[in-house]
Amino acid sequence: MLRVEETFTVARSPEAVFDYLTDPAHLAEWQTSKTSVEPLTEGPMRQGSRVRERTKPPMGPEFEQVVEFTEFERPRRVHTHIVEGPQPIDGTWTFEAANDGTRVHFVAQGELRGPMRFISRLVAPMLRRQFAAYHANLRRYLED
């Protein structure tokens, strides 16, 4: 089982952080490996909403995945589940008001498939760095 965790603070309200993080129009801004994001569900994002993401990782070919919001508790918690895609790595973000804004706790976990499962010890540190960079982007966009 692959597991990556990170806790960080954003100098904005939990509502502002939650809304930005769950808006497909902003996903490629802070998750820079995304080349396109397309909502598959009409209306505002909510539990059950799905998006199609195209991702170009630093090493490897571009791939597509369908992601579903399986938990959507504004402004406290959101969980994303990979419905279709090469690697079923789900993500959970929780948001808690703090004196200096919002404390965000993130967990990504899942079972790697195919040849990736044999190099999970190498993949985890790469994913940790990648999500740390994504979350630094998130802070930068929200705090500027």
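Provided above is the structure to which this section pertains.
A brief look at the structure comes next.

About the cut-offs
- Residues numbered from 1 in each chain as written.
- Predicted model: local features only at pLDDT ≥ 70, side-chain atom pairs only at ≥ 80, totals over all residues.
- Heavy atoms only, no water.
- Pairing = 2+ DSSP bridges.
- Helix = DSSP H or I, 4+ residues; strand = E, 2+ residues; numbered from the N terminus.
- Axes fitted to C-alpha atoms, helices over the stretch in contact; angles between N-to-C directions.
- Contact = heavy atoms within 4.5 Å.
- Buried < 20%, exposed > 50% of the residue type's maximum accessible area, 1.4 Å probe, protein only.
- Core = buried A, V, L, I, M, F, W, Y, C linked by side-chain atoms within 4.5 Å.
- 1 Å grid on protein atoms, 1.4 Å probe; cavity = no way out; pocket = protein on both sides within 12 Å on 5 of 7 lines; lining within 4 Å.
- Points joined across faces, edges and corners; volume = space filled by probe spheres on them.
- Nonpolar A, V, L, I, M, F, W, Y, C, P; charged D, E, K, R; others polar.
- Salt bridge = Lys/Arg side-chain N within 4 Å of Asp/Glu carboxyl O.

Once that is clear, we can look at the sheet that holds strand S4 (residues 63–73). Pairing is antiparallel across the open sheet formed by seven strands, whose spatial order is S1-S7-S6-S5-S4-S3-S2. A single partner strand is all that each edge strand has here, and the edge strands are strand S1 (2–10) and strand S2 (34–39). For this sheet, the mean angle separating the axes of adjacent strands, direction not counted, is 20 degrees. Bridge analysis of strand S3 (residues 50–55) against S4 gives six bridges, and the strand direction is antiparallel. In the sheet register, threonine 55 faces S4, and the bridge partner there is phenylalanine 63. Where helix H1 (residues 14–21) meets the sheet, its contacts fall on S1, S4, strand S5 (77–84), strand S6 (90–98) and strand S7 (101–110), and the angle it forms with S6 comes to roughly 160 degrees.

So, about the pairing of S7. Along any regular strand, the residues point their side chains to alternate faces of the sheet. Extensive coverage of S7 is indicated by the burial of seven of its 10 residues. Sheet analysis places S1 next to S7, joined by nine bridges and oriented antiparallel. Bridging from a neighbouring strand, arginine 3 pairs with glutamine 109 of S7. Judged from the nine bridges that link them, S6 and S7 form a sheet pairing that is antiparallel. From the neighbouring strand, glutamate 96 faces S7, where its bridge partner is arginine 103. Taken together, S6 and the strand that follows it, S7, pair antiparallel across an intervening segment of two residues.

What follows concerns the nonpolar core. Formed by 30 residues in total, the largest nonpolar core has its most connected members in Leu21, Trp30, Val78, Trp93, Phe95, Val104 and Leu138. Contributing elements (two or more residues each) for this core: S1, H1, helix H2 (24–30), S4, S5, S6, S7 and helix H3 (120–143). Broken down by element, this core gets its largest block of residues, six residues, from H3. With near-sequence residues (within four places) excluded, valine 78 lies in contact with Phe18, Leu21, Thr22, Phe69, Glu71, Phe72, Gly91, Thr92, Trp93 and Phe95.

Okay, the layout of surface pockets next. Its boundaries defined by the atoms lining it, the largest pocket holds a volume of some 1000 Å³. Lining the largest pocket are 42 residues, and of these Lys34, Thr55, Phe63, Leu127 and Gln130 sit closest to its centre. Of the residues in the lining of the largest pocket, the class split is 27 nonpolar, 10 polar and five charged.

Turning our eyes to something else, we now look at the pattern of salt bridges. This structure, assessed with the given rule, holds 11 salt bridges. Measuring nitrogen to oxygen at the nearest pair gives 2.7 Å for the salt bridge that ties arginine 74 to aspartate 19. Here arginine 74, found in the loop between S4 and S5, pairs with aspartate 19, found in helix H1; they are 55 residues apart in sequence, far enough to count as distant. A relative accessible area of 47% means that arginine 74 is categorised as partly exposed. The residue arginine 54 makes a salt bridge to glutamate 64 at a minimum N-O spacing of 3.1 Å. Of this pair, arginine 54 sits in strand S3 while glutamate 64 sits in strand S4, placing them 10 residues apart in sequence. A cluster of three or more residues bridged by salt bridges with shared partners is formed by Glu38, Arg52, Arg54, Glu62 and Glu64.

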